[in-house]
Amino acid sequence: MAATPAPPQAPPKPTWDPRKGEPAFPWLRPTIRIRLTLLYGGMFLIAGILLLSIIYLLAAQALHVGSDLPFRIAEGKVTSNVCDLPSSATPEVFNDAMNSCVNEQRRHALDDLLSRSLLALLGLAIIAFAFGYAMAGRVLSPLGRITRTARAVAGSDLSRRIELDGPDDELKELADTFDEMLERLQRAFTAQQRFVGNASHELRTPLAINRTLLEVHLSDPGAPVELQQLGKTLLATNERSEQLVEGLLLLARSDNQIVERKPVDLAEVAEQAVDQVHAEAHAKGVLIRGEQKPAVVQGNGVLLERIALNLVQNAVRYNIPEGGWVEVTTDVQHGQAVLIVANTGPVVPAYEIDNLFEPFRRLRTERTGSDKGVGLGLSIVRSVARAHGGHISAQPREGGGLVMRFALPI
């Protein structure tokens, strides 16, 4: 189920991924360390401003700026190298000139005190912010260990532990809780891997034996027609059971992150999928077309081939009876490798799109009651896409069918 290539989409908004390390400009990200630094430095700066204001007010009050001198000139001659005093004048004029001169010197003294104090405050503020940044880094260093361990766990390394030393504070309690959670997760994943391995052996073996026995009986030319028909029916049922088991096992495996990645060209993967489905498409009268441009990604070739095969198979099987077509294209768009599978087919309501990616769900059918598959194809596609860090989406095509778009970062 798919259709004409979807219109180009805008590039996704870049987000910070903790598994990819620090962003290009870490100072632009409001980390806890930056916030603590601003808090420590801001509190010191506010306290310094308040202290400077109090000192300035006390100094101004002590100097009595604007008040008269505590002495008066009655007679005689006074000269000054700082103030411009009259050489000969009445005592009143001379006293006014002295008052102006002394008050001006007081104002100069206060201005000089203020400027020197601001410079000292600026230097101390820089020291305070640097000290606050260093102390915040020391206090938050346990969080750095927790973050590094979380990044390692995100890469599917569940054996890593924080093992934080130091005082029994909140950070150590958080680290110990995280270690306990990792221990439980590791046991759960180990049990899951063991179960998948056992299920792979226990389920495949009897099904393979049943298939062999049925094929041996069907190869007997003297077998009755009724027995031949029953054997074919049982063989088809056995084959569907094998597909179901393989799908379930692949679905369980593909939910994990892909650790070992190799260069894979989506164009080659799509061509192989088209070759495998070509005979079925020819039998149904479905035309497969489209251009596969090179689009190299890092991933698991087998799982990516399963994505392409499931999408193309669905597009062929869920098509119109006559004159149907499937268009398979690969390209690089907005820094992503894209595989688009579009097809003609029945009209798909938009509200049914999400249900198609659920296990054992088909359009207007919830269980495996069809010979077209076991209802796990698109579920496997979505799980494998998530394991590769990609995205799968579907859009109804005008006139019927779907447009399936699988995007994977390059």
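Everything numeric in this text was worked out from a predicted model, so none of it was measured.

**Student:** What is the right way to look at the overall build of the chain in this model?
**Tutor:** Scanning the chain from N- to C-terminus turns up 7 helices and 7 strands. Mapped in sequence order, the helices and strands of the chain form the string α-α-α-α-β-α-β-β-α-β-β-α-β-β. Out of the 410 residues in the chain, the part that is buried amounts to 36%. The contacts of the chain with a sequence gap of at least 6 include a subset with a gap of at least 24, amounting to 72%. For the chain, the exposed area adds up to about 25,000 Å²; of that, 59% sits on carbon and sulfur atoms.

**Student:** Just checking my understanding: could you explain the packing of helix 5 (residues 266-284) against helix 6 (residues 301-317) for this structure?
**Tutor:** Across the interface, helix 5 lies against helix 6 with an axial gap of 8 Å and an inter-helix angle of 30°. In terms of their interaxial angle, helix 5 and helix 6 are classed as roughly parallel. Seen along the crossing, helix 5 lies across helix 6 with a hand that is right-handed. Residues L266, V269, A270, Q272, A273, Q276, V277, E280, A281 and K284 of helix 5 touch helix 6, and the partners they reach there are L304, E305, A308, L309, V312, Q313, V316 and R317.

**Student:** Explain the side chain of T344 here, please?
**Tutor:** Here T344 shows up in the loop between strand 5 (336-343) and helix 7 (377-387). In terms of polar contacts, T344 uses its side chain to reach the side chain of N319, at 2.5 Å. A distance of 3.1 Å separates the side chain of T344 from the backbone nitrogen of W325, its partner in a polar contact.

**Student:** Explain the sheet that holds strand 5 here, please?
**Tutor:** Two orientations exist for strands paired in a sheet by backbone hydrogen bonds: parallel and antiparallel. Pairing within the open sheet is mixed, and its 5 strands lie in the order 2-4-5-7-6. On the outer flanks of this sheet lie strand 2 (287-289) and strand 6 (391-396), each paired with one strand and no other. Sheet twist, expressed as the mean angle between neighbouring strand axes with direction ignored, is 15°. Alignment of strand 2 against strand 4 (residues 325-333), held across 3 bridges, turns out to be parallel.

**Student:** For this particular structure, what's the right way to read the nonpolar core?
**Tutor:** It is characteristic of soluble globular proteins that their nonpolar side chains tend to be buried jointly. Ranked by size, the top nonpolar core spans 41 residues in total, and within it L311, V328, L339 and F406 carry the most contacts. Where this core is concerned, the elements lending two or more residues are helix 5, helix 6, strand 4, strand 5, helix 7, strand 6 and strand 7 (402-409). Per-element tally for this core: the top contributor is helix 6, with 9 residues. Leave out the neighbours within four places in its chain, and L311 touches L339, V341, L378, V381, I392 and M404. If you look at the next biggest cluster of nonpolar residues, it comprises 8 residues, including I146, V153, L158 and F178.

**Student:** How should a negative patch on the surface be read in this particular structure?
**Tutor:** Residues D168, D169, E170 and E173 make up a contiguous surface patch of negative charge. Within the element layout of this structure, E170 appears in helix 3 (residues 170-218).

**Student:** Teacher, can you tell me more about unusual backbone geometry here?
**Tutor:** Trans is the prevailing form of peptide bonds, just as negative phi is the prevailing case for residues other than glycine. Phi angles above zero are rare outside glycine, and H334 is one such case at about 55°. A relative accessible area of 44% means that H334 is categorised as partly exposed.

**Student:** Looking at this model, I keep getting lost on the packing of aromatic side chains. Mind explaining?
**Tutor:** A ring pair, where both rings are aromatic, is described by two values, the distance of the centres and the angle of the planes. Across all of its chains, the model carries 0 aromatic pairs by this definition. One residue, R289, lies across the ring of W325, its end atom 4.1 Å from the ring centre.

**Student:** I would appreciate a short explanation of the pairing of strand 5 in the present structure.
**Tutor:** The side chains of a regular strand alternate between the sheet's two faces. Buried residues dominate strand 5, accounting for 8 of its 8 residues. Along strand 5, one buried face is formed by Q336, V338, I340 and A342 and the opposite face, lined by A337, L339, V341 and N343, is buried too.

**Student:** Could you clarify how one ought to interpret a nonpolar patch on the surface in this entry?
**Tutor:** A cluster of nonpolar residues, L39, Y40, M43, F131 and M135, forms a patch on the protein surface that exposes about 510 Å² of accessible area. Of all elements in the fold, only helix 1 (32-63) and helix 2 (91-154) reach the threshold of two or more residues within the nonpolar patch. When residues in the nonpolar patch are grouped by element, the largest group, 3 residues, is from helix 1. Within the secondary structure, L39 is located in helix 1. Classification of L39 by relative accessible area gives partly exposed; the value is 44%.

**Student:** What exactly am I supposed to notice about the pairing of strand 6 here?
**Tutor:** Sheet analysis places strand 6 next to strand 7, joined by 6 bridges and oriented antiparallel. Across the sheet, the residue bridging to I392 is F406, located in strand 7. Joining the antiparallel neighbours strand 6 and strand 7 is a turn of 5 residues, in which G399 adopts a positive phi near 100°.

**Student:** Mind showing me how you'd approach helix 5 here?
**Tutor:** Quick reminder: α-helices carry 3.6 residues per turn. Residues three or four places apart thus point the same way. Taking 1.5 Å as the rise per residue, helix 5 with 19 residues should run 27 Å; its terminal C-alpha atoms sit 26 Å apart, in good agreement. A maximum bend of about 45° is found in helix 5 at V277. All buried positions along helix 5 are accounted for by L266, A267, V269, A270, A273, V274, V277 and A281. Sitting at the amino-terminal end of helix 5 is D265, which places a side-chain oxygen 3.0 Å from the backbone nitrogen of A267.

**Student:** Help me understand the side chain of Q333 in this model?
**Tutor:** With respect to the helices and strands, Q333 occurs in strand 4. A polar contact is formed between the side chain of Q333 and the side chain of R405, at a distance of 3.3 Å. If we ignore the near neighbours within four places in the chain, the residues touching Q333 are V338 and R405.

**Student:** Whenever I open this one, the environment of A308 confuses me. Can you help?
**Tutor:** Note that A308 resides in helix 6. Put simply, A308 and V381 are 73 residues apart on the chain and 8.4 Å apart in space, counted from C-alpha to C-alpha.

**Student:** Hey, could you run me through helix 6 in this one?
**Tutor:** In a regular helix each residue adds 1.5 Å, so 17 residues correspond to 24 Å; helix 6 covers 24 Å between its end C-alpha atoms and thus fits that length. Burial of helix 6 is extensive: 12 of the 17 residues sit out of reach of the surface. All of the buried residues along helix 6 are L303, L304, I307, A308, L309, N310, L311, V312, Q313, N314, A315 and V316. Of the residues that open helix 6, the one with a side-chain oxygen 3.0 Å from the backbone nitrogen of L303 is N300.

Cut-offs used in this document
Residues numbered from 1 in each chain as written. Predicted model: local features only at pLDDT ≥ 70, side-chain atom pairs only at ≥ 80, totals over all residues. Heavy atoms only, no water. Helix = DSSP H or I, 4+ residues; strand = E, 2+ residues; numbered from the N terminus. Buried < 20%, exposed > 50% of the residue type's maximum accessible area, 1.4 Å probe, protein only. Contact = heavy atoms within 4.5 Å. Areas by Shrake-Rupley, 256 points an atom, 1.4 Å probe, with all protein chains shown as cover. Axes fitted to C-alpha atoms, helices over the stretch in contact; angles between N-to-C directions. Parallel < 35°, antiparallel > 145°, perpendicular 65-115°, else oblique. Left-handed = near helix turned anticlockwise from the far one by under 90°. Polar contact = N/O pair within 3.5 Å; in protein donor to acceptor, adjacent residues only side chain to side chain. Pairing = 2+ DSSP bridges. Core = buried A, V, L, I, M, F, W, Y, C linked by side-chain atoms within 4.5 Å. Patch = residues over 30% accessible without salt bridge, like charges linked within 9 Å, V, L, I, M, F, W, Y side chains within 5 Å. Salt bridge = Lys/Arg side-chain N within 4 Å of Asp/Glu carboxyl O. Lys, Arg positive; Asp, Glu negative; His and termini not counted. Charge placed at Lys NZ, Arg CZ, Asp CG, Glu CD. Phe/Tyr/Trp six-rings, centres within 6.5 Å; stacked < 30°, edge-to-face > 60°. Lys NZ or Arg CZ within 6 Å of the ring centre and 35° of its normal. Expected span 1.5 Å × (residues − 1). Bend = angle between axes of the 7 residues up to and from the residue.

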